[in-house]
Amino acid sequence: MFAGLSAFPLTPISGDCIDEAAFASLVQRLTTAGVDSICALGSTGSYAYLTIAERARVARLAVEHAGGTPVIVGIGAVRARDVLALADDAQRAGASGVLLAPVSYQKLTGDEVFGLYEAVTRQLSVPLCVYDNPGTTHFQFTDELHGRIAQLPNVRSIKIPGVPADPVAAKARVDHLRGMIPSHVTIGISGDACAGIGLNAGCEAWYSVIGGLFPKVAVTITRAAQAGNAEEAMRLSDRLKPLWALFGKYGGSLRVIAAAAELRGLVPSPSLPLPLMAVDGAERQQLAVMLDELGLV
């Protein structure tokens, strides 16, 4: 579950409600494509914009439509009480694991973050992935803190935000973190643009945005890296550079991937919870051309 390709689908919103049919269809696409796990309610799934009840419903839908594919459910929230409630909901829904980011309004300290993971892991009966995403949480993990948290019960993976573009530096980064954590805890790369480099550098998992919408291409990149074919993994990843550049322009992938899903008719338009808006105007038209040129369907 915490190795290979973990695909992060959108949670499509129609009006003020979750479009359950569209979400179920996205999940089924991932199962059909053979992803290794599905992560519902990650950042791509707009978890921070949904109520606890909505998130519990999404967790149940994901498990219901995933077939035999393991489902990881995001449980991040500002207050620890809510994180614990979301963890209970995810476990009752039948999730195989949970994903936890240290969400905050007041900037958290390292001790506060450790205390959060300590409290949550004490009550879990399923494994947990640490979600290191400073772009949204504004919290910077140190490798030392990762090492402390990785010793807690039920911690099984760390989702890191990226690696250096230089392959040698990327391997050094992964190797340093690997030396700080137990062998049973995997390291997963996020930030799709550096996924090929991260997998080739020794990351066991790719926590993927594009994999949540266009799983076939992400599965192909992952399998190439897993087979030791580093050049092929990078060739396939580099082919998607126009899309990675658009992710960077918008400060992240969500607005772009939502527009792509809308253009392909996979989700309603608009599909994001307000005030978020998908890419629009001339760049949306350019995205449509790009998707066709890249063969992303």
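Just so we're clear, the structure is a prediction, and the values are computed from it rather than from any experiment.

Caption draft 1: Structural detail: the overall build of the chain. Within the chain, the regular secondary structure consists of 13 helices and ten strands. A compact globule built from 297 residues should have a C-alpha radius of gyration of about 19 Å, and the chain, at 18 Å, falls within 12% of that. In terms of overall dimensions, the chain has C-alpha extents of about 45 × 45 × 35 Å along its principal axes. Split into buried and exposed, the 297 residues of the chain put 55% on the buried side. Restricting to contacts in the chain with at least 6 residues of sequence separation, those with at least 24 account for 71%. Carbon and sulfur atoms form 54% of the exposed surface of the chain, whose accessible area is close to 12,300 Å². Put simply, the chain has 24 plus and 27 minus side-chain charges, and the middle of one group is 2 Å from the middle of the other.

Caption draft 2: Summary view of the sheet that holds strand β7 (residues 128–131). The sheet built from eight strands closes into a barrel, its strands ordered β1-β4-β5-β6-β7-β8-β9-β10 with parallel pairing. Shown here is a sheet whose adjacent strand axes are inclined to one another by a mean of 25°, direction ignored. By the bridge criterion, two bridges tie strand β1 (residues 4–7) to strand β4 (residues 37–40) in an arrangement that is parallel. Bridged to Ala 7 within β4 is Ile 38. Most of the contacts of helix α2 (residues 52–65) go to strand β5 (residues 71–74), to which it runs at about 170°, and overall it touches β4 and β5.

Caption draft 3: Main features of the packing of aromatic side chains. Here the structure, examined in full by the defined rule, presents four aromatic pairs. Between the aromatic rings of Phe 8 and Tyr 207, the centroid separation amounts to 6.1 Å while the plane-to-plane angle is 80°, which identifies the pairing as edge-to-face. One end of the pair, Phe 8, is in the loop between β1 and β2 (13–14); the other, Tyr 207, is in strand β10 (residues 205–208), and 199 residues separate them in sequence. Judged by relative accessible area, Phe 8 falls into the buried class, the value being 3%.

Caption draft 4: Seen up close, the environment of Thr 136. Here Thr 136 shows up in helix α5 (residues 134–137). The spatial distance from the C-alpha of Thr 136 to the C-alpha of Cys 17 is 24 Å, given a sequence separation of 119 residues. Only 3.0 Å separates the side chain of Thr 136 from the side chain of Asn 133, close enough to count as a polar contact.

Caption draft 5: Geometry of the packing of helix α12 (residues 254–263) against helix α13 (residues 281–294). Following both chains from N to C, one finds α12 and α13 inclined at 70°, their axes separated by 10 Å at the closest point. Between α12 and α13, the angle falls in the class roughly perpendicular. Seen from above, α12 lies across α13 with right-handed handedness. On α13, the residues touching Val 256, Ala 259, Ala 260, Glu 262 and Leu 263 of α12 are Arg 284, Leu 287, Ala 288 and Leu 291. For the contact of α12 with α13, the per-class residue count stands at seven nonpolar, no polar and two charged.

Caption draft 6: Up close: the nonpolar core. One finds Ile 149, Ile 210 and Leu 243 to be the most contacted residues of the largest nonpolar core, which totals 111 residues. Examining the composition of this core, we find that seven residues originate from one element, α12, more than from any other. Here Ile 210 is in contact with Asp 192, Pro 215, Val 217, Ala 218, Leu 240, Leu 243, Trp 244, Ile 257 and Leu 296, once residues within four sequence places are set aside.

Caption draft 7: Molecular detail of the state of the cysteines. The tally for this structure, following the rule as stated, stands at zero disulfides. Free cysteine: Cys 129, not disulfide-bonded; nearest cysteine sulfur from Cys 39 at 7.5 Å. Cysteine Cys 194 is unpaired, with the sulfur of Cys 203 as its nearest cysteine sulfur at 8.3 Å. Its relative accessible area of 14% is what places Cys 194 among the buried residues.

So, how was this worked out
Residues numbered from 1 in each chain as written. Predicted model: local features only at pLDDT ≥ 70, side-chain atom pairs only at ≥ 80, totals over all residues. Heavy atoms only, no water. Helix = DSSP H or I, 4+ residues; strand = E, 2+ residues; numbered from the N terminus. Rg over C-alpha atoms; globule rule 2.2 N^0.38 Å. Buried < 20%, exposed > 50% of the residue type's maximum accessible area, 1.4 Å probe, protein only. Contact = heavy atoms within 4.5 Å. Areas by Shrake-Rupley, 256 points an atom, 1.4 Å probe, with all protein chains shown as cover. Lys, Arg positive; Asp, Glu negative; His and termini not counted. Charge placed at Lys NZ, Arg CZ, Asp CG, Glu CD. Pairing = 2+ DSSP bridges. Axes fitted to C-alpha atoms, helices over the stretch in contact; angles between N-to-C directions. Phe/Tyr/Trp six-rings, centres within 6.5 Å; stacked < 30°, edge-to-face > 60°. Polar contact = N/O pair within 3.5 Å; in protein donor to acceptor, adjacent residues only side chain to side chain. Parallel < 35°, antiparallel > 145°, perpendicular 65-115°, else oblique. Left-handed = near helix turned anticlockwise from the far one by under 90°. Nonpolar A, V, L, I, M, F, W, Y, C, P; charged D, E, K, R; others polar. Core = buried A, V, L, I, M, F, W, Y, C linked by side-chain atoms within 4.5 Å. Disulfide = S-S within 2.5 Å.

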